[in-house]
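Breakdown of the fold
Letter by letter, the chains look like this.
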Amino acid sequence: MTDTAIIYSSFMGKTRKIAKYIADRLNADIFDLKVQSNIDISGYSRIILGTGVHAGRPYARVTKFIEDNRSELNDKEVVLFISCLYDGDKAANQCSEITMEYQLSNSVYFSTRSQKNDAGLSKDVDVFIERMKS
Ligand SMILES: Cc1cc2nc3c(=O)[nH]c(=O)nc-3n(C[C@H](O)[C@H](O)[C@H](O)COP(=O)(O)O)c2cc1C
């Protein structure tokens, strides 16, 4: 069994596409919170959470998942990725506000405005995957 689970919520499909792309390359299990909200994370040492942003807010399903699993998450490596429109300082501020609100320490954002890889995703996704592999 893999040690990594990717758990995400997506409205328009971008976060889903990123989550699947990462899962393929890390051999991770993947869960869509729209399909399944009660996920047994006991067997994973690393949880990668993914959300989009609407009006500065992360998606409610991700917020609820973190609230419901707070104590178990505290014992794991948790990494949040945010799929967003903003880039630069605005995106960085948005990302750090959400990260603080979630009481997490490890997060990254992927702007839909940044340079794309061959899969049409931000090149930052590939950098992130390499970081997760090392
Ligand atoms: C109604 C609406 C509000 C949005 N608000 C923000 C925002 O406040 N900040 C931001 O960076 N992106 C914002 N976006 C862009 C989305 O977060 C971005 O497209 C994201 O990739 C969507 O993910 P999804 O396709 O998985 O739902 C907004 C998009 C929509 C449709």
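In the block above lies the structure referred to throughout.
Let us look at the structure shown here. A quick note: this is a predicted structure, and the numbers were derived from the prediction, not measured. The residue count restarts for each chain, going from 1 along the sequence in the order it is written. Side-chain atom pairs in this predicted model are given and counted only at pLDDT of 80 or more, local residue features only at pLDDT of at least 70, and totals for whole chains, interfaces and linings cover all residues.

Looking only at helices and strands, the protein has five helices and six strands in total. Runs of H or I in DSSP of at least four residues are treated as helices and runs of E of at least two as strands, each being numbered from the N terminus. Listed by position from the N terminus, the elements making up the protein come as β-α-β-β-β-α-α-β-α-β-α. The quantity called the radius of gyration is restricted to C-alpha atoms. Its globule counterpart is 2.2 Å times the number of residues to the power 0.38. Its C-alpha atoms give the protein a radius of gyration of 14 Å, near enough to 14 Å, the size a compact globule of 134 residues would have. Each of the three principal axes of the protein carries a C-alpha extent, and together these read 35 × 30 × 25 Å. The buried share among the 134 residues of the protein stands at 31%. For every residue pair, C-beta atoms are placed from the backbone, and the pair is scored as a contact if these atoms sit within 7 Å. In the protein, 69% of the contacts between residues at least 6 apart in sequence involve partners at least 24 apart. Counting other C-beta atoms within 10 Å of each residue's C-beta, where C-beta atoms are placed from the backbone, gives the exposure class: buried for 20 or more, exposed for 12 or fewer, partly exposed between.

Every one of the 18 residues lining the ligand counts as a neighbour, but Ser10, Met12, Thr15, Gly52 and Cys84 are closest to it. Within the residue set of the shell around the ligand, elements represented by two or more residues are α1 (14-26), β3 (46-54) and β5 (77-84). Each residue belonging to the shell around the ligand can be placed in one class, and the counts come to seven nonpolar, nine polar and two charged. To decide whether a residue is near a molecule or strand, its C-beta atom is placed from the backbone and checked for lying within 6 Å of it. Only Asp, Glu, Lys and Arg are considered charged, only Ala, Val, Leu, Ile, Met, Phe, Trp, Tyr, Cys and Pro nonpolar, and every remaining residue, Gly among them, polar.

For helices, the axis comes from a line fit to the C-alpha atoms of the stretch in contact; other axes are also lines fit to C-alpha atoms, and the angle between any two N-to-C directions lies between 0 and 180 degrees. In the contact formed by α1 and helix α5 (residues 123-133), the axes pass within 10 Å of each other and the chain directions differ by 35°. Seen along the crossing, α1 lies across α5 with a hand that is right-handed. Of the residues in α5, those touching α1 at Ile18, Tyr21, Ile22, Arg25 and Leu26 are Val125, Ile129 and Met132. Partitioned by chemical class, the residues of the contact of α1 with α5 number seven nonpolar, no polar and one charged. The hand of a helix crossing depends on one turn: near helix anticlockwise from the far one by less than a right angle means left-handed, and clockwise means right-handed.

Turning our eyes to something else, we now look at the pairing of strand β2 (residues 29-32). Whether two strands pair comes down to DSSP finding at least two bridges between them. For strand β1 (residues 4-8) and β2, the ladder comprises four bridges, and the chain directions are parallel. Along β2, the bridge assignment pairs Ile7 with Phe31. Since β1 and β2 lie parallel, the crossover through α1 that links them has a hand, and here it is right-handed. Here, the term right-handed applies to a crossover whose path from the first strand over the helix to the second runs clockwise when the strands point away from the viewer.

It is worth spelling out unusual backbone geometry at this point. Phi is positive for Asn27, close to 55°, though the residue is something other than glycine. Looking at the element boundaries, Asn27 is found in the loop between α1 and β2. Judged by C-beta crowding, with 9 C-beta atoms within 10 Å, Asn27 ranks as exposed. In the Ramachandran plot, Gln103 falls in the positive-phi region, its phi being about 55° despite a non-glycine side chain. Considering the arrangement of structural elements, one finds Gln103 in the loop between α4 (88-101) and β6 (107-111).

Put simply, a nonpolar core is buried Ala, Val, Leu, Ile, Met, Phe, Trp, Tyr and Cys residues tied into one set by C-beta atoms within 7 Å. Formed by 32 residues in total, the largest nonpolar core has its most connected members in Ile6, Ile7, Ile22, Ile48, Leu49 and Phe81. Of all the secondary structure elements, the ones that give two or more residues to this core are β1, α1, β3, α2 (60-68), β5, α4, β6 and α5. Those residues in contact with Ile48 that lie beyond four places of it in its chain are Thr4, Ile6, Ile22, Ala28, Val79 and Phe81.

On to the environment of Asp124, then. For Asp124, the location among the structural elements is in helix α5. For Asp124, a count of 17 C-beta atoms within 10 Å translates into the label partly exposed. Each C-alpha atom, one on Asp124 and one on Ala92, is 13 Å from the other, the two residues being 32 residues apart in sequence.

Shape is all these values report; function is a separate question.
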